[in-house]
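Overview (structure and organization)
Residue-level listing of the chains:
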Amino acid sequence: MHGKFLAVFLPLLMAFSLALPTGAFADDTRYRGIDVSVWQGEIDFDRVRDAGIQALYIRAGEGTNIVDEYFERNYEGARKAGLKYGFYHYVTARSESEAAMQADFFANLIQSKPQDMRAAMDFENLSGLTADEAVAIARAYLERLEDRLGHTPAVYSDAYDTASVWRSILTDYPLWVADYGVDEPYTTGGWDSWSGFQYSDRGSVDGISGHVDLDYYRGAIFLTDDEQSRGKEIRNQVSRANDGCDCDDNGGNGGETPGDDYIVYTVRPGDTLWGLSREYGTTVDELVRLNDIANPNLIYVGQKLLIPR
């Protein structure tokens, strides 16, 4: 992530792992964490865990079509190491409609994966936007993401934008705030307190080459039991969709068949109907009709779709 404040050196790391509780997380406890992306390269997550890191955020992607090159690798590594983890997405939207599309892109990347922490909106490049425009875009994104994932997402922001842009408007969403070189962020704006606190962008952790962002996380950044249950329901829906649509042996929907007029497309991470319609020169409505899709905002990795040639 990008920062606006001076970095500090990493405090002394403990030589043993601190296990997180399996039930509720205490709001007043600081859980030691990091956040990672392609910029950290290959990570030894077992060593990261043994260095005392308890939880982390993993960048899934950026904008409408960029998937972080290390997204899947970081997800698998963190999960196998037994770390608590969540995902964040770098938002570049400049309109409410684009915000909804980017939320769909993010949801399509992560909705089939179990996760412990709230999906986080990283919307920090606000150049050219007024505060009101930025808030409207953020709201559209967060509302769409919550609808898609079944849990309340989190807001990542530096301390300055927390107070001057988001103010008291987005406080229904837990705050993950960046402010470097201090024991506590100098402000949390309209929020009563922070749920995540990124206190350095130049940390050093065993198992990671080079610098890494350092964070503290509190209980509110983790999903509740009810939210975990809703996430499991969504993953079950994804699994059922991955078993295939109601199609004939040729991959069609019983009415149309592939051949000269249609292709059978397998949905990949990050795909949306809007993106596919643009790529193949068709419309979302046509894809919905051909594939008997009940909700055009819900397609799943591995799902088979008929697309006009």
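Refer to the structure printed above.
This paragraph deals with the packing of helix α3 (residues 96–110) against helix α4 (residues 131–149). At their nearest, the axes of α3 and α4 sit 8 Å apart, and the two run at 35° to each other. As for the relative orientation of α3 and α4, their crossing is right-handed in sense. Of α4, the residues touching α3 (which contributes Glu96, Ala99, Ala100, Gln102, Ala103, Asp104, Phe106, Ala107, Asn108 and Ile110) are Ala136, Ile137, Ala140, Tyr141, Arg144, Leu145, Arg148 and Leu149. Looking at side-chain class alone, the contact of α3 with α4 contains twelve nonpolar, two polar and four charged residues.

This brings us to the packing of aromatic side chains. Using the criterion set out here, one finds 15 aromatic pairs in the structure. Seen in terms of ring centroids, tyrosine 57 and tryptophan 176 are 4.4 Å apart; in terms of plane orientation they differ by 20°. Their pairing is stacked. Within this pair, whereas tyrosine 57 is found in strand β2 (residues 55–62), its partner tryptophan 176 is found in strand β7 (residues 175–178), the two being separated by 119 residues in sequence. The class for tryptophan 176 is buried, based on a relative accessible area of 0%. Both rings, one in tyrosine 75 and one in phenylalanine 87, keep their centres 6.0 Å apart while their planes meet at 50°; by these two values the pair is tilted.

On to the pairing of strand β9 (residues 212–217). Along a regular strand, successive side chains alternate from one face of the sheet to the other. The buried count for β9 comes to six of six residues, which makes it a mostly enclosed element. Two strands pair when backbone bridges link them, and strand β1 (residues 31–36) and β9 are joined in this way by five bridges, in the antiparallel orientation. Each bridged residue has a counterpart across the sheet, and for tyrosine 31 the counterpart in β9 is tyrosine 217. Summarising the sheet, strand β8 (residues 196–203) and β9 pair through five bridges and their orientation is antiparallel. Residue glutamine 198 lies in a different strand from β9, and its bridge partner there is aspartate 215.

Calculation criteria
Residues numbered from 1 in each chain as written. Predicted model: local features only at pLDDT ≥ 70, side-chain atom pairs only at ≥ 80, totals over all residues. Heavy atoms only, no water. Axes fitted to C-alpha atoms, helices over the stretch in contact; angles between N-to-C directions. Helix = DSSP H or I, 4+ residues; strand = E, 2+ residues; numbered from the N terminus. Left-handed = near helix turned anticlockwise from the far one by under 90°. Contact = heavy atoms within 4.5 Å. Nonpolar A, V, L, I, M, F, W, Y, C, P; charged D, E, K, R; others polar. Phe/Tyr/Trp six-rings, centres within 6.5 Å; stacked < 30°, edge-to-face > 60°. Buried < 20%, exposed > 50% of the residue type's maximum accessible area, 1.4 Å probe, protein only. Pairing = 2+ DSSP bridges.

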